[in-house]
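Structural features, examined
Next come the chains, spelled out residue by residue.
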Amino acid sequence: MKKIFLLISVVLISISANAQSDAKAKTLLDEVYNKVKSYDNIFIEFKYALDNTSESIHQETKGDVTIKDDKYVFNYLGATKIFDGSNTYTIIPENEEVVIEANEGDTEGTITPSKMLTFYKKGYNYKWDILQNVKGRNIQYVELTPIDSNSEIKQILLGIDAQTKHIYNLIEVGNNGTKTTITVNSFRTDEPLSKSLFTFDKRKYENLGYYIITN
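Model, not experiment: these values are computed from the prediction.

1. So, the overall build of the protein
Summing up its helical and strand segments, the protein has 3 helices and 12 strands in all. In the protein, which comprises 215 residues, the proportion classed as buried is 47%. The long-range fraction of contacts in the protein, counting pairs at least 24 apart against all pairs at least 6 apart in sequence, stands at 52%. Surface summary for the protein: the accessible area is close to 11,600 Å², and the carbon and sulfur share equals 45%.

Shown next as structure tokens:
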């Protein structure tokens with residue numbers, strides 16, 4: 001789930017200047033931030049793919065997330081995660097349970113939607129990379145490399161649509177050879193949202209016989 005948050009975190013961030021980073025890359029990332037910051041809310045549908053050729057592993061799945069300010073509803077692998085600004089509710093229908101946490105579980109190294117790109121505000125250098133034409137779209141890549149030499153991440157390539165300044169995809173390469181690719185299939189903004197979208201209805205799940213776990 002951290003890697004999915006990595007993409008969501010790519011959507012909204014303030015970028016700090018870094019002397020070791022490419023000025024063009026910083027300018028582009030600033031443009032992404034300024035463009036997305038103006039939206040009232042964001043809805044993203046994505047595809048997640050994990051590959052490790054040495055282990056003959058290939059996995060694909062899909063998910064979606066709706067974000068407004070620091071609140072979100074995140075659907076992935078059959079579970080739903082709601083953050084209402086104070087508490088996190090993870091609803092797992094397969095297990096008929098709900099896990100309630102007093103915050104986002106915002107521990108060091110955990111990337112959550114409300115961090116919005118701050119995963120590399122500290123701890124990464126970035127530089128201008130290749131420009132690719134993907135189905136008629138010019139996708140400019142920015143390469144991120146961890147400052148920490150002990151990081152499990154070798155590099156991250158962030159693909160940005162040069163015209164819309166929206167994120168197209170994120171490619172993470174691990175030191176163990178695993179490559180994770182997260183591709184945005186749909187990016188919608190400023191949609192009408194239900195007032196109860198980010199509200200957890202505890203009674204509803206109690207009536208369904210779900211086991212409620214509070215951490």
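Having put the structure on the table, let's press on.
2. Focus: unusual backbone geometry
We note that Leu 77 has phi near 55 degrees; this positive angle belongs to a residue other than glycine. Note that Leu 77 resides in the loop between strand E3 (71-76) and strand E4 (79-83). In this structure, Asp 190 takes a positive phi of about 55 degrees despite not being glycine. The topology assignment puts Asp 190 in the loop between strand E11 (179-189) and helix H3 (202-207). The class of Asp 190 is partly exposed, set by a relative accessible area of 44%.

3. Structural notes on the environment of Trp 128
Relative to the helices and strands, Trp 128 resides in strand E7 (residues 124-134). When the C-alpha positions of Trp 128 and Asp 22 are compared, they lie 6.2 Å apart, and in sequence the two are 106 residues distant. With near-sequence residues (within four places) excluded, Trp 128 lies in contact with Asp 22, Lys 24, Ala 25, Leu 28, Gln 140 and Tyr 141.

4. As for the packing of aromatic side chains
Geometrically, a pair of aromatic rings is defined through the distance of the ring centres and the angle of the planes. If you walk through the whole model with that rule in mind, you get 9 aromatic pairs. Geometrically, the ring pair formed by Tyr 89 and Phe 200 is stacked, given 4.5 Å between the ring centres and 15 degrees between the ring planes. One end of the pair, Tyr 89, is in strand E5 (residues 88-92); the other, Phe 200, is in the loop between E11 and H3, and 111 residues separate them in sequence. Phe 200 shares its class with Tyr 89; the two are buried.

5. Observations regarding the sheet that holds strand E10 (residues 167-174)
Read across the open sheet, the 12 strands follow the order E7-E8-E9-E10-E11-E1-E2-E3-E4-E5-E6-E12; overall the sheet is mixed. Two strands lie at the open edges of the sheet, namely E7 and strand E12 (211-214), each paired on one side alone. The average undirected angle you get between the axes of adjacent strands in this sheet is 15 degrees. As paired strands, strand E2 (residues 57-68) and E3 are joined by 6 bridges and run antiparallel to one another. Note on E3: the bridge partner recorded for Lys 68 is Lys 71. Docked against the sheet, helix H2 (residues 23-37) engages strand E1 (42-52), E7, strand E8 (137-146), strand E9 (153-161), E10 and E11, running at close to 75 degrees with respect to E7.

6. Thoughts on the confidence of the model for the protein
Residue-level pLDDT values for the protein average 83, and 81% of them are 70 or greater. Element-level mean pLDDT values for the protein span from 58 in helix H1 (residues 2-9) up to 96 in strand E6 (residues 97-101). Contacts from residues 114-118, a stretch scored under 50 in pLDDT, to residues over four places away or in other chains number 20 contacts.

7. Quick notes on the side chain of Thr 66
With respect to the helices, strands and loops of the structure, Thr 66 is situated in strand E2. Residue Thr 66 is classed as buried on the basis of its relative accessible area of 11%.

8. Description of the pairing of E10
Side-chain direction in a regular strand flips from residue to residue, so the side chains alternate between the two faces of the sheet. Burial analysis of E10 places 8 of its 8 residues in the buried class, which makes it a mostly covered element. Of the pairings in the sheet, the one linking E9 to E10 comprises 7 bridges and is antiparallel in character. Across the sheet, the residue bridging to Leu 157 is Ile 171, located in E10. From the end of E9 to the start of E10, which pair antiparallel, there are 5 residues, and Lys 165 there has a positive phi angle of about 65 degrees. As paired elements, E10 and E11 share 5 bridges and run antiparallel to each other. Paired with Asn 169 across the bridge in E11 is Thr 183. Following E10, the chain reverses through 4 residues before pairing antiparallel with E11; Gly 177 in that reversal takes a positive phi of roughly 90 degrees.

What counts as what
- Residues numbered from 1 in each chain as written.
- Predicted model: local features only at pLDDT ≥ 70, side-chain atom pairs only at ≥ 80, totals over all residues.
- Heavy atoms only, no water.
- Helix = DSSP H or I, 4+ residues; strand = E, 2+ residues; numbered from the N terminus.
- Buried < 20%, exposed > 50% of the residue type's maximum accessible area, 1.4 Å probe, protein only.
- Contact = heavy atoms within 4.5 Å.
- Areas by Shrake-Rupley, 256 points an atom, 1.4 Å probe, with all protein chains shown as cover.
- Phe/Tyr/Trp six-rings, centres within 6.5 Å; stacked < 30°, edge-to-face > 60°.
- Pairing = 2+ DSSP bridges.
- Axes fitted to C-alpha atoms, helices over the stretch in contact; angles between N-to-C directions.
- pLDDT = per-residue confidence, 0-100.

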